[in-house]
Every structure is written in structure tokens, then in C-alpha cells.
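Take a look at the letters that make up each chain.
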Amino acid sequence: MQLNFRGLPALVTGAGKGIGRDTVKALHALGAKVVAVSRTDTDLVSLSKECPGIQTVCVDLGDWDATERALGNVGPVDLLVNNAAVAPLQPFLEVTKEVFDRTFNVNLRSLVQVSQIVARGMIHRGVPGSIVHVSSMVAYVTLPNLSVYSSTKGAISVFTRAMAAELGPYKIRVNSVNPTVVLTAMGQKVLTDPEIARKLKERHPLQKFAETEDVVNSILFLLSDRSASTSGSGILVDAGYLAS
Ligand code: NDP
């Protein structure tokens, strides 16, 4: 599948590491004009060196006012990838207000805020657009100690459908990708016990976790015209886990 995003303005959140970083690299290689948004400046500096010409924005997306200042006038964006998230581990009975608020602010509230900024711009310019939320298979199934994180991903499923319904008349498509474990920094932090990791992997019909590239490919498909009639939907990148 040869995709071409030549000249299209794109914005990726959580671009410093992992899936977001590789999404920026793929979009840049396919000709998009990318705005990479993340929290750690050194990550953005090294990404800029790998992808000359990208624009970088360093901001904590959990901070509404800072995000408004940083992205309120970001300029045209036709392709948006809401990828930034945190995944703190807490047993349900030990969930704290701080972790609950922080996780919802970064994973969900910023997705709403950035989508509003971008979608308003698309509507104002009268151009079609595609928005992809990086969710998770835990929007549908539970894993231990991830109740708050999973709840943010469950809520993203609802926002995906609601946004698709309200933005569809403006030719803006909204979808999600829902991966299983990917061994990025986040995946390694969540799965520290090798025995639990082995057992979890074995429960996947394909006997593996997902690779970053698998997730990026699904994101690119949903951003592209190859999915022109797909909206309000989610692609599972779960090595068959939900079928097991
Ligand atoms: P990583 O932790 O490897 O990378 C996340 C990136 O998001 C980092 O660059 C991080 O910056 C940035 N980020 C986090 N919080 C903020 C913030 N408040 N403001 C701005 N940027 C922020 O995660 P992954 O690449 O693994 O995850 C990407 C997406 O994929 C997430 O939505 C995650 O939920 C989802 N996902 C991941 C899975 C996995 O197993 N890895 C499985 C299923 C879904 P910094 O490091 O500087 O904080």
C-alpha cells in the first residue's frame, strides 16, 4: 500500500518517544508537513535532527492553559494523531485523586482540546480532515492495575463515535487504533514481570505482542484516503487477543 501525504499538514501528540515518534518519522518520510508535540524538549531536538523541517512544540498536554497557549494558533492541520498518554499502575482500591486527574487530563481531556482546536480550523478552512486517536485494546478488556488508564481508553471509544457523528458533515473522519502491548517505554513499564509477560503473550492467538510499526501502519491507513469511507471506527492491532 503506497501512501502519499505530500504537502499535507499533520500534527502528532506524544511525538517524543515510542509510537508517536515513529508516526512522525513515517509521515515525514511520506511528505507530510509535521508538527510534533511532546513534553521533553531533548526528545524533540533529536527528532528534529532525524526529520529535518518538522515543527516542534514542547508542552505538557495535561495543562489546559499551557496547551491553549502552545497550540491555539498552530496553523492549518489536515491530519491529527492524538497519541500522548500516561499509564500509571494502581490497584483499583489504591487509585488516588492525583493519578485519576492527571491520567484523565493527559489521555482524554487533551485529546478533546487538541481535536477542538484542529477541527475548528478544518471547518473554518472548509477542508476535509482525518483524526486518529491512539487508544488501546484495554478500551474493551481489562488488565490488572490499569483501571484508570483503561477508563480513559474506553471513553475515547465514545468520543470517537460522537466526534465522527458531529464532524462527519464537515468531511472530517474520526477513528481510533486499539493496540495490544507494544514494548515501547510505556509497554516495558507496564509489563515488568517476565513471567506475566510470557503468559500474556501466550494468550494472544498470534503468540506475540504488536510492533510499533504495526500500529503506525494502521494509523497511516486511517489518516489516508484509503479509508475514505471509515469513520467512528477502531482498528484492533491486538494479535487476535479479543478473539481469544
Ligand atoms: P511512550 O511512553 O513510549 O511515549 C509516549 C509519548 O507521549 C512520550 O513522548 C511522552 O513524553 C508523551 N507524553 C506523555 N505525556 C505527555 C504530556 N502530558 N504532554 C505531552 N506529551 C506527553 O508511550 P507509547 O508510545 O507506548 O504509547 C503511545 C500511545 O499508544 C498511547 O496513547 C498509549 O496509551 C497507546 N498504547 C500503548 C501501548 C503499549 O503497550 N505501549 C498499548 C496500547 C496503546 P514524555 O516521555 O516526555 O513524558
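Residues numbered from 1 in each chain as written. Predicted model: local features only at pLDDT ≥ 70, side-chain atom pairs only at ≥ 80, totals over all residues. Heavy atoms only, no water.

*Asks:* Please clarify how unusual backbone geometry should be interpreted in this entry.
*Replies:* Negative phi is the rule for most residues except glycine; trans is the rule for most peptide bonds. Of note in this structure, Asn145 is not a glycine but carries a positive phi near 70 degrees. By the element assignment, Asn145 lies in the loop between β5 (129–134) and α5 (147–167). Take Asn145: its relative accessible area is 37%, and that puts it in the partly exposed class. The backbone phi angle of Ala239 is positive, close to 50 degrees, even though this residue is not glycine. For Ala239, a relative accessible area of 12% translates into the label buried. (Helix = DSSP H or I, 4+ residues; strand = E, 2+ residues; numbered from the N terminus. Buried < 20%, exposed > 50% of the residue type's maximum accessible area, 1.4 Å probe, protein only.)

*Asks:* Just checking my understanding: could you explain the packing of helix α1 (residues 18–29) against helix α2 (residues 41–50) for this structure?
*Replies:* For any two helices packed against each other, one specifies the crossing angle of their axes together with the interaxial distance. With their axes 11 Å apart at the nearest point, α1 and α2 run at an angle of 25 degrees to one another. As summarised for this structure, α1 and α2 are arranged roughly parallel, according to the angle between their axes. For the element pair α1 and α2, the recorded crossing hand is right-handed. The residues of α2 that touch α1, namely those facing Arg21, Val24 and Lys25, are Asp43, Ser46, Leu47 and Glu50. Grouping the constituent residues of the contact of α1 with α2 by class yields two nonpolar, one polar and four charged. (Axes fitted to C-alpha atoms, helices over the stretch in contact; angles between N-to-C directions. Parallel < 35°, antiparallel > 145°, perpendicular 65-115°, else oblique. Left-handed = near helix turned anticlockwise from the far one by under 90°. Contact = heavy atoms within 4.5 Å. Nonpolar A, V, L, I, M, F, W, Y, C, P; charged D, E, K, R; others polar.)

*Asks:* Would you take a moment to explain the site of the ligand for this structure?
*Replies:* Surrounding the ligand, one finds 31 residues, the nearest of these being Lys17, Thr40, Asn83, Tyr149 and Thr184. Between the ligand and Leu61, the relevant distance is 2.9 Å, taken from a nitrogen atom to a main-chain nitrogen or oxygen of the residue. Look at the ligand: alone it shows 900 Å² of surface, and the protein chains cover 93% of it. Counting residues per element, the ones that place at least two in the shell around the ligand are α1, α4 (97–125), α5 and α6 (185–190). Top contributing element to the shell around the ligand by residue count: α6, with three residues. For the shell around the ligand, the per-class residue count stands at 14 nonpolar, twelve polar and five charged. (Near = heavy atom within 4 Å. Polar contact = N/O pair within 3.5 Å; in protein donor to acceptor, adjacent residues only side chain to side chain. Areas by Shrake-Rupley, 256 points an atom, 1.4 Å probe, with all protein chains shown as cover.)

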